[in-house]
Amino acid sequence: MPSLDHGDHVNGRAYWRSLDERAVSPEFRRFVEREFPEGASELSDPISRRRFLNLMGASLALAGLAGCRRPVEKVIPYVIPPEELVPGVPQFYATTMPLGTSAYGVVVESREGRPTKIEGNSLHPATRGRTNALLSASILSLYDPDRSSRVLERGAERTWDEFVVFWRTRLAHFRTRGGAGLAVLSEASTSPTLAALKAEFHRQFPEARWAAFEPVSDENIDAGIALATGRDLRPDYHYDRARVILSLAGDFLLTESESIAATAGFADGRRISSPQDEMNRLYVVEGGYSLTGTMADHRLRVTDGGMTAFVVALAAELATRGVVVAGVSESRNATDRFDRAWLGAVADDLVSNRGRSLVVAGRRQPPIIHALVYAINEALGNVGQTVEYREPVDVILPSNSQLMDLVGTMRHGEIETLAIIGGNPVYAAPADVDFGNALTKVAESIHLSPHVDETSQHCTWHIPRAHYLESWGDARAADGTAGVIQPLIEPLFNGRSEIELARVLVDGRDRRGYDLVRDTWQRLLPPADFDAAWHRVLHDGLLPGSGSPAVAASLDRDALTSALASEATGPADDGSLELLISPSATVYDGRFANNGWLQELPDPVTKLTWDNAAVVSPASARRLQVANQDVVSISRAGHSVDLPIWIIPGHADNCISLTLGYGRTACGRVGTGVGVNVAALRSASVGGVIRAQVAKTGRTYPVATTQNHWSMEGRPIVREATLEEFRAHPHFAAEAVEHPPLKSLWKEHSYDEGNQWGMAIDLNACTGCGACTVACQSENNIPIVGKEQVARGREMHWIRIDRYFSGDENNPEVVHQPMACQHCENAPCEQVCPVAATMHSQDGLNMMTYNRCIGTRYCSNNCPYKVRRFNFFNYTKDTPEVQRMAMNPDVTVRFRGVMEKCTYCVQRISRVRITAKDHDRAIVDGEIVTACQQACPAQAIVFGDVNDPNSKVSEMKRRQRRYEVLAELNVKPRTSYLAKLRNPNPKLA
């Protein structure tokens, strides 16, 4: 992570200047008022040149509110630029991205006041300097031209001040009634400021309601822990301490909460430097094939309907080995339903690693599963070691039961005014909630949202919501660490934050978010030295030591026994199929649906883009007599959706995996009409297993998938072995192919002087999450091309993640391999370019001269790795002006007819080289960090100088697992791979 300069530019001196009445002439003042009026940051698309220049002048060139970090009344162009601002030199600010009950610390690159790149904050416990695809892509959502820019009342344009006046008239009415008839529906939150406002709301209006709803939440996890302990606790998993991990339908490496920290910890347990090193072992029990399942050393196919029986069977196996799981009766032994050898091997491994094992379950599993998981971890001595429990602080937890109660009162006309702070319940709430119909029974409704979305269209008032990069706020991480949300730019679309709206709702006072957050942190920071502590928090992005301490809780055996006794065994097979509904790995629950980077990022398992599908096993497809892209109708409880079939090896039989987040009808030009909304098949009132009828429709629907693009099967591209095989044959990777003595036809250049750049990728740590792909896209201005062009194999990603299946179709193994330009010293592309557009630099980079390329594509045809991308169309020609603000000014924006590919982030190399030259010193190892390397949550990518024997990349290249892809062709690639290892249990070999 670039170093943060703790200076005045963070704490309050000025990219923006307040209007100084004494320093400017009346003519200049009139010019400012004309060219930079109040509200100049509003934007609609298409926009006029003058409006865009106003926006650029007020929000881009001057660095916005984020630059000054203090409230301002009027801003104008500075006459004397601030000393700390050097044009072309980026600055970095720490902030926090909230997402449900999670909070991710990030560091944002700012270019003359324009946020352009998001990295992880190394000080923050949730990111540890790393990111994922959602965090990196959130920069594009900031510049979404479809964001709402106006307050609306029944479709008519209003102002924020008019809304405040309206609400003040309503306050007097509700105060006389103690809040009866008033309700708030918010998103989940860990904001100390919003929690304080919620408490004040209840004091002001004791008869009012406040409920929280999240389409994707950890509600079942929280309920399960409460069932087991009788306390409200949140788990904090330490995967780096676990030698044996058992995951029960929990995709903790991607779609579960805190996946960045989980990936970091898990990858730390997979790093192997020598054959003597130890490595963790992962068991996965699941129905659908998750990213976590692809990393498993052993995987067992069990649907959600059989998960309780499996956990009880595991508890029985543990009991036979002297580990008694309290609350579980041996009379419910169900081991006969499962592979006894598999169960026994897992039980042996867990028992032999007491205190160093970990059992986790996914958020989709019912509370009883999570209660059993707590009991098993306690029995194994893992509590306090690989898992800790903390009391939630300042948390607004989501609750389906609260949502159902609220909707019931709405239907009966008991709610006069409903304020919806964020979220999109009309779209995302389960079908049996029927939120849209209940909303029609409410006289006045207010919705804060970034778009005029499905819910806003049903509400009386719509308030534009500010992006987290343009608003003040705060949020606590999973361990309770308090972080600040500070703006990087003046609101582009005149949006308001949730705390600003909540303040108005409580007492009608219109206060700025900055003031509200400072009021809260006056209680969190020492009053005697508040200013210094506050500046430090702004610099670091968080308050060190503010996390919640781990607590000791005892298992309520009677409650667990009672709950387990009433647990149903599952419905009989009536010909229906079980539904496994999960959030999308890319667009999550639909809130990122209008983000083109995420829509075009392939799902890491199915490799689908721009769509969701009904994923089934090969056996289920044969039973249904369907093939890929055949459309089926899935129906339950009077609701049905039509989806194309997609077949994945290793998927459990008699179940279908469905993905949330698609089928939006009002989110913007990118995401509207993409995919199908499967929320109609969810239920808020029916817990546990959901079953549905499936029927063929006779239709087909084309989907765009990248799984067969640039396929290199048939070549020894991925090399893997078991840990024991590696110990017996340490050089298996290099010996997998024969390297004939090859001699070039010409005298080769000797790359033995100066800095020589290279990369190493550890396949044992890489999970295939795709964080590197989006980070590269953000850093290098890579365009999206749309579904049709992806289907033609024309996606533009400079780094792709190849996914390979091997073995039996019912129990295959999966391996992921990042693949980008290998920067070959004997590059085949360079030999065939007729205009020398692709050439080699003295420091070993394969370079592209864009204005020399004439688009013959000879280089792509000659590239054995198929990593070069061609602009068939001018994908950036119609990019809205506001979205161009997301582009990196250090990287050329390419046009039609140009070949492009990975450059090893040459702009970052140049930046560090210039800095080192200015200071008359050598480049330090680790000083240059590529975008993919910086984002990778597993830290699987290392970059540096291969001529430096002490560099990290040189050390990686000396390891025994090292190999180069297609090195036998004598192309001499600069990127090396470390072969993948698996750690199977010898008893299951």
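Reading the values: rules and limits
Residues numbered from 1 in each chain as written. Predicted model: local features only at pLDDT ≥ 70, side-chain atom pairs only at ≥ 80, totals over all residues. Heavy atoms only, no water. Helix = DSSP H or I, 4+ residues; strand = E, 2+ residues; numbered from the N terminus. Buried < 20%, exposed > 50% of the residue type's maximum accessible area, 1.4 Å probe, protein only. Contact = heavy atoms within 4.5 Å. Areas by Shrake-Rupley, 256 points an atom, 1.4 Å probe, with all protein chains shown as cover. Axes fitted to C-alpha atoms, helices over the stretch in contact; angles between N-to-C directions. Left-handed = near helix turned anticlockwise from the far one by under 90°. Nonpolar A, V, L, I, M, F, W, Y, C, P; charged D, E, K, R; others polar. Pairing = 2+ DSSP bridges. Expected span 1.5 Å × (residues − 1). Core = buried A, V, L, I, M, F, W, Y, C linked by side-chain atoms within 4.5 Å. Polar contact = N/O pair within 3.5 Å; in protein donor to acceptor, adjacent residues only side chain to side chain. 1 Å grid on protein atoms, 1.4 Å probe; cavity = no way out; pocket = protein on both sides within 12 Å on 5 of 7 lines; lining within 4 Å. Points joined across faces, edges and corners; volume = space filled by probe spheres on them. Phe/Tyr/Trp six-rings, centres within 6.5 Å; stacked < 30°, edge-to-face > 60°. Lys NZ or Arg CZ within 6 Å of the ring centre and 35° of its normal. Parallel < 35°, antiparallel > 145°, perpendicular 65-115°, else oblique.

Within the protein, the secondary structure is distributed over 31 helices and 40 strands. The 989 residues of the protein split such that 63% are buried. A fraction of 75% describes how many contacts in the protein between residues 6 or more apart in sequence connect residues 24 or more apart. Here the protein has roughly 36,300 Å² of accessible surface; of this, 49% comes from carbon and sulfur atoms.

Moving on, we get to the packing of helix α18 (residues 513–524) against helix α19 (residues 530–540). Where α18 meets α19, the axes come as close as 11 Å, and the angle between the chain directions of the two elements is 115 degrees. You can see that α18 and α19 cross each other, and the crossing is right-handed. Residues Tyr 514, Val 517, Arg 518, Trp 521 and Gln 522 of α18 pack against Phe 530, Asp 531, Trp 534 and Val 537 of α19. In the contact of α18 with α19, the residues fall into six nonpolar, one polar and two charged.

Before going further, it helps to examine the pairing of strand β19 (residues 473–476). Burial along β19 is two-sided: the residues Gly 473 and Ala 475 and Asp 474 and Arg 476 are all buried. Relative to strand β20 (residues 482–485), β19 runs antiparallel, the two being bridged by four bridges. Residue Asp 474 lies in a different strand from β20, and its bridge partner there is Val 484.

This part covers helix α13 (residues 367–379). Compared with the 18 Å implied by 1.5 Å per residue over 13 residues, the 18 Å span of α13 between its first and last C-alpha is a close match. Counting buried positions along α13 yields 10 of 13 residues, so the element is predominantly enclosed. Residues Ile 368, Ile 369, His 370, Ala 371, Leu 372, Val 373, Tyr 374, Ala 375, Ile 376 and Asn 377 constitute the buried set of α13. Immediately beyond the C-terminal end of α13, within one or two residues, lies Gly 381, with a positive phi of roughly 75 degrees.

This next bit is on the sheet that holds strand β3 (residues 91–99). Across the sheet, which stays open at both edges, the three strands sit in the order β3-β4-β5 with antiparallel pairing between neighbours. The two strands at the open ends of the sheet, each matched to only one other strand, are β3 and β5 (114–120). Within the sheet, the average angular offset between the axes of one strand and its neighbour, ignoring direction, is 35 degrees. Where strand β4 (residues 102–111) and β5 come together, six bridges link them in antiparallel fashion. When the bridges of β5 are listed, Val 106 appears paired with Gly 120. On the sheet, helix α5 (residues 133–142) packs against β3, β4 and β5 and is oriented at approximately 165 degrees with respect to β5.

Structurally, the position occupied by Arg 496 is in the loop between β20 and α17 (498–507). Looking at Arg 496, the relative accessible area reads 23%, which means it is partly exposed. With 48 residues separating them along the chain, Arg 496 and Leu 448 place their C-alpha atoms 8.1 Å apart.

Bringing the nonpolar core into the picture now. Of all hydrophobic cores here, the largest spans 121 residues; its most connected members are Leu 579, Ile 634, Ile 656, Leu 658 and Tyr 865. Residue contributions to this core peak at seven residues, all from α5. Ignoring anything within four residues of it in the chain, the contact list for Ile 634 reads Leu 579, Ala 614, His 639, Ser 640, Val 641, Leu 643, Ile 656, Leu 658, Leu 681, Ala 692, Gln 693 and Val 694. Formed by 68 residues, the second largest nonpolar core is a distinct cluster that contains Ala 228, Ile 245, Val 325 and Ala 553.

What follows concerns the sheet that holds strand β8 (residues 182–186). In space, the seven strands of this open sheet follow the order β7-β6-β18-β17-β16-β8-β9, with mixed pairing throughout. A single partner strand is all that each edge strand has here, and the edge strands are β7 (156–158) and β9 (209–212). For this sheet, the mean angle separating the axes of adjacent strands, direction not counted, is 20 degrees. With four bridges connecting them, strand β17 (residues 444–449) and strand β18 (residues 461–464) associate as parallel partners. If you follow Ile 446 over to β18, its bridge partner there is Trp 461.

This part is about the environment of Ala 431. Locating Ala 431 in the fold gives a position in the loop between α15 (425–428) and α16 (435–439). Put simply, Ala 431 and Ala 637 are 206 residues apart on the chain and 9.2 Å apart in space, counted from C-alpha to C-alpha. Those residues in contact with Ala 431, other than ones at most four positions away along the chain, are His 639, Ala 679, Ala 680 and Arg 682.

In this section: helix α7 (residues 192–204). When the terminal C-alpha atoms of α7 are compared, their 18 Å separation across 13 residues agrees well with the 18 Å that a helix rising 1.5 Å per residue should span. Structurally, the start of α7 carries an N-cap: the backbone nitrogen of Thr 193 is 3.3 Å from a side-chain oxygen of Ser 191.

Tracing the chain through its elements places Asp 802 in strand β31 (residues 800–806). With relative accessibility at 8%, the residue Asp 802 sits in the buried group. At 2.7 Å, the side chain of Asp 802 and the side chain of Arg 800 are in polar contact. There is a polar contact of 3.4 Å between the side chain of Asp 802 and the side chain of Tyr 804.

Let us look at empty space enclosed by the protein. The method is simple in principle: a probe with the dimensions of a water molecule rolls over the atoms, and the space it marks as empty is what remains. On inspection of all chains with the given rule, the structure shows 13 cavities of 30 Å³ or more. Forming the walls of the second largest cavity are 30 residues, and the residues nearest its centre are Leu 99, Leu 134, Leu 254, Glu 256 and Tyr 588. At three residues, helix α9 (residues 259–268) tops the list of elements feeding residues into the lining of the second largest cavity. When grouped by side-chain class, the residues that make up the lining of the second largest cavity number 15 nonpolar, 11 polar and four charged.

One pass over the full model with this rule turns up 26 aromatic pairs. Ring centres of Phe 163 and Trp 461 lie 5.3 Å apart, and the angle between their planes is 65 degrees; this geometry places the pair in the edge-to-face category. Placement of Phe 163 in helix α6 (residues 160–176) and of Trp 461 in strand β18 is noted, with a sequence separation of 298 residues between them. Of the two residues, Phe 163 and Trp 461, neither departs from the other in class, the shared state being buried. Both rings, one in Phe 310 and one in Trp 342, keep their centres 6.3 Å apart while their planes meet at 65 degrees; by these two values the pair is edge-to-face. Of this pair, Phe 310 sits in helix α11 (residues 307–320) while Trp 342 sits in helix α12 (residues 340–352), and the two are 32 residues apart along the sequence. Pair check on accessibility: Phe 310 and Trp 342 agree, each one buried. Above the plane of the ring of Tyr 427 lies Arg 664, whose end atom (NZ or CZ) is 5.1 Å from the centre.

The backbone of Asp 434 sits at a positive phi, close to 50 degrees, despite the residue not being glycine. With respect to the helices and strands, the residue Asp 434 is situated in the loop between α15 and α16. The partly exposed category is assigned to Asp 434, whose relative accessible area is 36%.

Let us now look at the environment of Leu 555. Within the element layout of this structure, Leu 555 appears in the loop between α19 and α20 (557–565). Residue classification places Leu 555 among the buried positions, given a relative accessible area of 16%.

Looking now at the packing of α5 against helix α24 (residues 771–779). Where α5 meets α24, the closest approach of the two axes is 8 Å, and the angle between their N-to-C directions is 25 degrees. If you check the angle between α5 and α24, you find them roughly parallel. Note that α5 runs across α24; the crossing there is left-handed. Only Ala 771, Val 774, Ala 775 and Ser 778 of α24 make contact with α5, whose side of the interface consists of Ala 133, Ser 136, Ala 137 and Ile 139. A class-by-class count of the residues in the contact of α5 with α24 yields six nonpolar, two polar and no charged.

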